[in-house]
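So the chains spell out like this:
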Amino acid sequence: MARQPGSRATVRAIAAEAGVSIATVSRVMNGHASVAPDTREAVRRAAARLGAHAPARRGAADGAIYVRCPYVLSDYFGVIVSSIAETLELYGRRLVLSAGDAARDREVLGGLPQDPAIAGAVLIVPPEPERDLAALRAADFPFVVVDPRTPLPQDIASVSAANLTAARAVTAHLVQLGHRRIGVIGGPGDWLASRSRLAGHTSALADTGVLPAPELLRSIEPTADWGYTAACELLDLPERPTALVAFNDKAAVGALRAAYERRLRVPEDLSITGFDDIDLSRSTVPRLTTVRQPLEEMGRMAVSLLMRLLDRHTVDALHVELATQLVLRGSTGPAPDPGAR
């Protein structure tokens, strides 16, 4: 059925009319050479029969960028989103933001390739399963993942911090101070960052011939309350750890509270480390030894990478890991004398 003159056909409508997939229509729209000439012509004829032009090529100067951050814009997420917004403004791109816990259950990825007003997307720690991200990529829709929650296929662009090497540096620092029994307050077990950091921790311990003890590992939601609960469990073990490595600064703050309640001095009796170097890490007593993630640079790099994808430039490195910095402060010190415990 023909549309009214001047209306805009959707990708789905053109695909149905031409008898091809949405991904094929997207490739025609974006000028990909991989589409057979007869298929390309069938798509164009389908758009003409619908009485409308096919949607404009994504990547046009006025195309908006969809930024999905289905979490509260706290210190960590807020810094990344602010950096993305500032960088998009430099490129003259409009931002469409979906943020907050309420956005987590919205199924939005499947509709992005069909929206002619959206040029591309930046997805921050996306909760969607790998198959949804792979489907978005198969639709030839340009997007970049910031801090992926799960391992990604090689053809999906991503930006993250070097989690494994960062965690290795934290534990190596504690090992140099004489710590061997180190408790780990890790993030959710199915997060890529959690697994990478645990691997870095294990690697640093292995250099000293120490195997990590299973009873010293807790996996939590990375909040202060959960960090407190996990630290209480670890510090109440018959043989408590001499140091705690927390998934982030918030969990480390919870660990500090647990230590205080048990009248353990930090760092004389117990060393505690965080991760992220948010403002909170500089507000505790003592201040936290932590890892500085380049959060602003992660946002800038994600936008830069997306712009290259939109312009169809060749990108040799789709998975970018940015270097971190170990920040030494007052919450870590030499392991206590076993005889004094």
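Note: the structure precedes this text.
Residues numbered from 1 in each chain as written. Predicted model: local features only at pLDDT ≥ 70, side-chain atom pairs only at ≥ 80, totals over all residues. Heavy atoms only, no water.

K.L.:
Is there a simple way to explain unusual backbone geometry in this structure?
P.N.:
Trans peptide bonds make up most of the peptide bonds, and negative phi angles are found at most residues other than glycine. At the junction of Val266 and Pro267, the peptide bond is cis and its omega measures out at 15 degrees in the coordinates. Along the chain, the position of Pro267 falls in the loop between helix H9 (249-261) and strand E9 (271-273). Here the amide bond leading from Val285 into Pro286 is cis, since omega sits at -5 degrees, within 30 degrees of zero. With respect to the helices, strands and loops of the structure, Pro286 is situated in the loop between E9 and strand E10 (290-292). The backbone of Asp140 shows a phi angle near 65 degrees, a positive value even though the residue is not glycine. The backbone of Asp277 shows a phi angle near 60 degrees, a positive value even though the residue is not glycine. Among the secondary structure elements, Asp277 is positioned in the loop between E9 and E10. (Helix = DSSP H or I, 4+ residues; strand = E, 2+ residues; numbered from the N terminus.)

K.L.:
Would you take a moment to explain the sheet that holds E9 for this structure?
P.N.:
Strand pairs in the sheet, formed through backbone hydrogen bonds, run parallel or antiparallel to each other. Strand order in the open sheet made by the four strands is E7-E6-E8-E9, with parallel pairing throughout. The open sheet is flanked by strand E7 (217-219) and E9, the only strands paired with a single partner. Averaged over neighbouring strand pairs, the angle between their axes works out to 15 degrees when direction is ignored. Two elements, strand E6 (residues 182-186) and strand E8 (residues 243-246), share four bridges in a ladder whose sense is parallel. (Pairing = 2+ DSSP bridges. Axes fitted to C-alpha atoms, helices over the stretch in contact; angles between N-to-C directions.)

K.L.:
When you look at helix H4 (residues 75-90) in this model, what are you seeing that I'm missing?
P.N.:
Residues lying three or four places apart along an α-helix face the same way, a consequence of the helix completing one turn every 3.6 residues. An ideal rise of 1.5 Å per residue puts 22 Å on 16 residues; H4 measures up with 23 Å between its terminal C-alpha atoms. Regarding H4, the residues found buried are Tyr76, Phe77, Gly78, Ile80, Val81, Ser83, Ile84, Thr87 and Leu88. On its buried face, H4 is in contact with strand E1 (64-69), strand E2 (95-99), strand E3 (118-124), strand E4 (143-146) and helix H10 (295-310). (Expected span 1.5 Å × (residues − 1). Buried < 20%, exposed > 50% of the residue type's maximum accessible area, 1.4 Å probe, protein only. Contact = heavy atoms within 4.5 Å.)

K.L.:
I tried to follow the pattern of salt bridges on my own but got confused; where do I start?
P.N.:
As a working rule, side chains carrying opposite charge can pair if their charged atoms are close by. Taken as a whole, this structure holds 15 salt bridges when the rule is applied. Of the charged contacts in the structure, one is a salt bridge between Arg137 and Asp140, with a shortest N-O distance of 3.8 Å. We note a salt bridge from Asp279 to Arg282, for which the minimum N-O separation is 2.6 Å. Accessibility expressed as a relative area gives 51% for Asp279, which makes it exposed. Of the residues examined, Arg282 reaches a relative accessible area of 34% and is grouped as partly exposed. (Salt bridge = Lys/Arg side-chain N within 4 Å of Asp/Glu carboxyl O.)

K.L.:
Even after reading the chapter, I still don't get the pairing of E1, so can you show me in this structure?
P.N.:
Within a regular strand, the side chains alternate between the two sheet faces. Most of E1 is tucked away: six of the six residues are buried. Burial of E1 is two-sided: the residues Ala64, Tyr66 and Arg68 facing one way and the residues Ile65, Val67 and Cys69 facing the other way are all buried. With five bridges joining them, E1 and E3 adopt parallel strand pairing. Across the sheet, Val67 pairs through a bridge with Val122, a residue of E3.

K.L.:
Even after reading the chapter, I still don't get the pairing of E2, so can you show me in this structure?
P.N.:
Across five bridges, E1 lies against E2 in parallel orientation. Directly across from Ile65, in E2, lies its bridge partner Leu95. Between E1 and its parallel partner E2, the chain crosses via H4, and the hand of that crossover is right-handed. (Right-handed = clockwise from strand over helix to strand, strands pointing away.)

K.L.:
Looking at this structure, I do not really get the packing of H4 against H10. What am I missing?
P.N.:
How two helices sit against one another is set out by the angle between their axes and by the gap between those axes. Taken N-terminus to C-terminus, the directions of H4 and H10 make an angle of 40 degrees; their axes are 7 Å apart at the nearest point. When the interaxial angle is binned, H4 and H10 end up oblique. Here the hand of the crossing between H4 and H10 comes out right-handed. Taking contact as the criterion, the partners of Tyr76, Val79, Ile80, Ser83, Ile84, Thr87 and Leu88 in H4 are, on H10, Leu295, Glu296, Met298, Gly299, Arg300, Val303 and Met307. Among the residues making up the contact of H4 with H10, the classes are represented as nine nonpolar, three polar and two charged. (Parallel < 35°, antiparallel > 145°, perpendicular 65-115°, else oblique. Left-handed = near helix turned anticlockwise from the far one by under 90°. Nonpolar A, V, L, I, M, F, W, Y, C, P; charged D, E, K, R; others polar.)

K.L.:
Any chance you could explain the nonpolar core here in plain terms?
P.N.:
Nonpolar side chains tend to gather and get buried jointly when the protein is soluble and globular. Ranked by internal contacts, the top residues of the largest apolar core, which has 31 residues, are Ile65, Val122 and Ile124. For this core, the element with the highest residue contribution is H10, accounting for nine residues. Other than its neighbours up to four places away in sequence, Val122 contacts Ile65, Tyr66, Val67, Arg68, Ile84, Val144, Val146, Ala302 and Leu306. (Core = buried A, V, L, I, M, F, W, Y, C linked by side-chain atoms within 4.5 Å.)

K.L.:
Quick question: what am I supposed to make of the side chain of Gln293 here?
P.N.:
Mapping Gln293 onto the fold places it in the loop between E10 and H10. A polar contact of 2.6 Å, which involves the side chain of Gln293, links it to the side chain of Asp276. For Gln293, the contacting residues outside a window of four places in its chain are Tyr76, Ala161, Arg197, Phe275, Asp276 and Met298. (Polar contact = N/O pair within 3.5 Å; in protein donor to acceptor, adjacent residues only side chain to side chain.)

That's the geometry; what it means functionally is another story.
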